[in-house]
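Architecture and fold: a report
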Amino acid sequence: MSLRCLFVDFNSFFASVEQQDRPELRGRPVGVVPVIAATTFCIAASVEAKTHGIGTGTPVWEALEKFPGIEMVEARPARYVEVHHRLMDAIQDCIPHGKAESIDEVPCWLIGRERERDNAVAIAARIKRRISEEFDWIRCSIGIAPNKFLAKTASDMQKPDGLTVLEASDLPHRLHALALRDLCGIGPSMEQRLNAAGIDTVRQLCAAPREHLRAIWGGVEGERFWMQLHGHHLPPRQSQRSSVGHSHVLGPELRSFEGARSVLFKLLAKAAMRLRKDGFLAGGLAIRMRFVGLETRFERDLSFAPVDDTPTLLRLLGAELSQLERSIAQRRWNPRRHPPLSVAVTLLGLEQSANLSGELVEQRRRGRDMSRVLDLINQKYGNNSVYFGAMQQALAHDAAPMRIPFAQIPETARLFLQRERQFKVMAQNAHRESQNRHGRASREPGVAATAEAAGVKVAARKAEPEVGQTGSLF
């Protein structure tokens, strides 16, 4: 079982870029966030922040409690993409690299004598030297192993600036010191399933039979996990995109029904543009809205004949949001007491547009033609040169911006969005776990005070509810 994969992971990538571009941030704890608000989360943290227990997925309120002096910086995806390409070129000078796993990590495949330990280590050292020559402010951790899963795991075992090799003779005992969640593919839900099956440690996981993991995972993915954990190299799975979506944490100035509605329209227009660019039509739409102080969410799932034109999708969205307007009028929802916190739209049921016949309905055909004209204008003159009026408030506050032009490096742009979604899941898990530990009521006042002292904008809260009882919205 020879070494096959060399995995490069750039340490604190987003935060390192921000510290390089802003010298006053160097040597200081920095958190990179999608929006400047205490209710969002860190999508990256600097090395200095990590020494205070602040990492990827840490909610901003928790980061401020751990270190009130942390500097929160809004993410700049286009800048990260630019640096990503330069880093990929630097690695290419040392060894051909594979398709980037995300914007801050990439696998490189070893062949022939490169699979010998000394030669693989020499290549890793060469990559580190090459990167330091051009980027003395970025460090990377490298893992080398018989497959990509273990190489990625190894790259996380020594940070920052680490180099870890896992050979067949190291398995599985070198993994025993890890926690279950240190392994890619094990999150809170899977950890609970493993615990329920009597597996609480990586040692127990490694000792479990292949059939046991298949049963826990509920299918072949458990068997694939077992094989990768034991060093087997598996061919990549063929996957087909099943959804296109965007989400956004609302800034304080947009935490109203009108603000949330405007941002949702903009998110859906962005998703529809991506849908057309990739040659898909959507047969479903999922709408989500979270509120301050409410566990229950506004959730709607629609199904319809496959479409890709923005006007039709926006009409569907508007019809669903009209229910919230009626709830306000009927005093079933008080948006001042429980303002919207975050919104999301996802287009589902994707089909290749080439597989379907042309549009026969005149209005729908006009909608598709209009959408394509808008795409061409915005591609030529810049995003949002022409837009739908319902997006005006979101545009005025630069909410949910399309920071990466869709005519420029779309694949890498998608890597950033994918990474951001992963971080959001981590933040939501951290939020739920913290609620279970401490309880919401005991935490929120301190969060607001800490955030205000640190200069982070926090949505104003009324000390007392308005006269009248706010009933159930759902």
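Scoring rules and cut-offs
- Residues numbered from 1 in each chain as written.
- Predicted model: local features only at pLDDT ≥ 70, side-chain atom pairs only at ≥ 80, totals over all residues.
- Heavy atoms only, no water.
- Helix = DSSP H or I, 4+ residues; strand = E, 2+ residues; numbered from the N terminus.
- Buried < 20%, exposed > 50% of the residue type's maximum accessible area, 1.4 Å probe, protein only.
- Contact = heavy atoms within 4.5 Å.
- Areas by Shrake-Rupley, 256 points an atom, 1.4 Å probe, with all protein chains shown as cover.
- Salt bridge = Lys/Arg side-chain N within 4 Å of Asp/Glu carboxyl O.
- Pairing = 2+ DSSP bridges.
- Axes fitted to C-alpha atoms, helices over the stretch in contact; angles between N-to-C directions.
- Polar contact = N/O pair within 3.5 Å; in protein donor to acceptor, adjacent residues only side chain to side chain.
- Phe/Tyr/Trp six-rings, centres within 6.5 Å; stacked < 30°, edge-to-face > 60°.
- pLDDT = per-residue confidence, 0-100.

1. Thoughts on the overall build of the chain
Each helix and strand counted, the chain has 16 helices and 12 strands in total. Residues counted as buried form 48% of the 474 residues belonging to the chain. For the chain, restricting intrachain contacts to residue pairs at least 6 apart in sequence, the fraction spanning at least 24 positions comes to 67%. Counting only carbon and sulfur atoms, one obtains 50% of the accessible surface of the chain, whose full area is about 22200 Å².

2. A closer look at the pattern of salt bridges
A full pass over the atoms with the stated rule returns 23 salt bridges. Between Arg-86 and Glu-134 there is a salt bridge, and its shortest N-O distance comes to 3.4 Å. With Arg-86 in helix H4 (residues 77-92) and Glu-134 in helix H5 (residues 117-134), this pair connects stretches of sequence that are 48 residues apart. The partly exposed category is assigned to Arg-86, whose relative accessible area is 30%. Residue classification places Glu-134 among the partly exposed residues on the basis of a relative accessible area of 33%. When salt bridges that share partners are traced, they join Glu-18, Asp-21, Arg-76, Arg-79 and Glu-82 into one network.

3. Focus on the sheet that holds strand E2 (residues 30-33)
Strand order in the open sheet made by the 3 strands is E3-E2-E4, with mixed pairing throughout. If you trace the sheet from one side to the other, it starts and ends with strand E3 (44-45) and strand E4 (71-74), each paired once. Of the pairings in the sheet, the one linking E2 to E4 comprises 4 bridges and is parallel in character. Within the sheet, the bridge partner assigned to Val-33 lies in E4 and is Glu-74. Against the sheet, helix H1 (residues 13-21) contacts E2, E3 and E4, and its axis sits at roughly 110 degrees relative to E2.

4. Focus: the side chain of Ser-141
You can see Ser-141 is positioned in strand E6 (residues 140-145). At 3.4 Å, the side chain of Ser-141 forms a polar contact with the backbone nitrogen of Asp-161. Not counting residues within four places of it along the chain, the set of residues in contact with Ser-141 comprises Phe-7, Val-8, Asp-9, Asn-11, Lys-128, Ser-155, Gln-158, Lys-159, Pro-160, Asp-161 and Gly-162.

5. Examining the side chain of Glu-320
In this fold, Glu-320 is placed in helix H12 (residues 310-329). Judged by its relative accessible area of 14%, Glu-320 is buried. Once residues lying within four places of it in the same chain are set aside, the contact partners of Glu-320 are Ile-287, Phe-298, Arg-300 and Leu-302.

6. Points about the packing of aromatic side chains
Inspection of every chain in the model, using the stated rule, returns 8 aromatic pairs. With centroids separated by 6.1 Å and ring planes inclined at 40 degrees, the aromatic side chains of Phe-10 and Phe-13 adopt a geometry described as tilted. Arranged with centres 4.7 Å apart and planes meeting at 25 degrees, the rings of Trp-217 and Phe-225 form a pair that is stacked. The burial state of Trp-217 is the same as that of Phe-225; both residues are buried. Within the aromatic cluster, the residues linked to one another by ring pairs are Phe-10, Phe-13, Phe-14 and Tyr-80.

7. A few points about the confidence of the model for the chain
Averaged over the chain, the pLDDT score is 82; the fraction of residues at 70 or greater is 74%. The low-confidence segment residues 403-410, where pLDDT is below 50, has 22 contacts with residues more than four positions distant or belonging to other chains. Every residue in residues 440-474 scores below 50 in pLDDT, and together they form 61 contacts with partners more than four places removed in sequence or on other chains.

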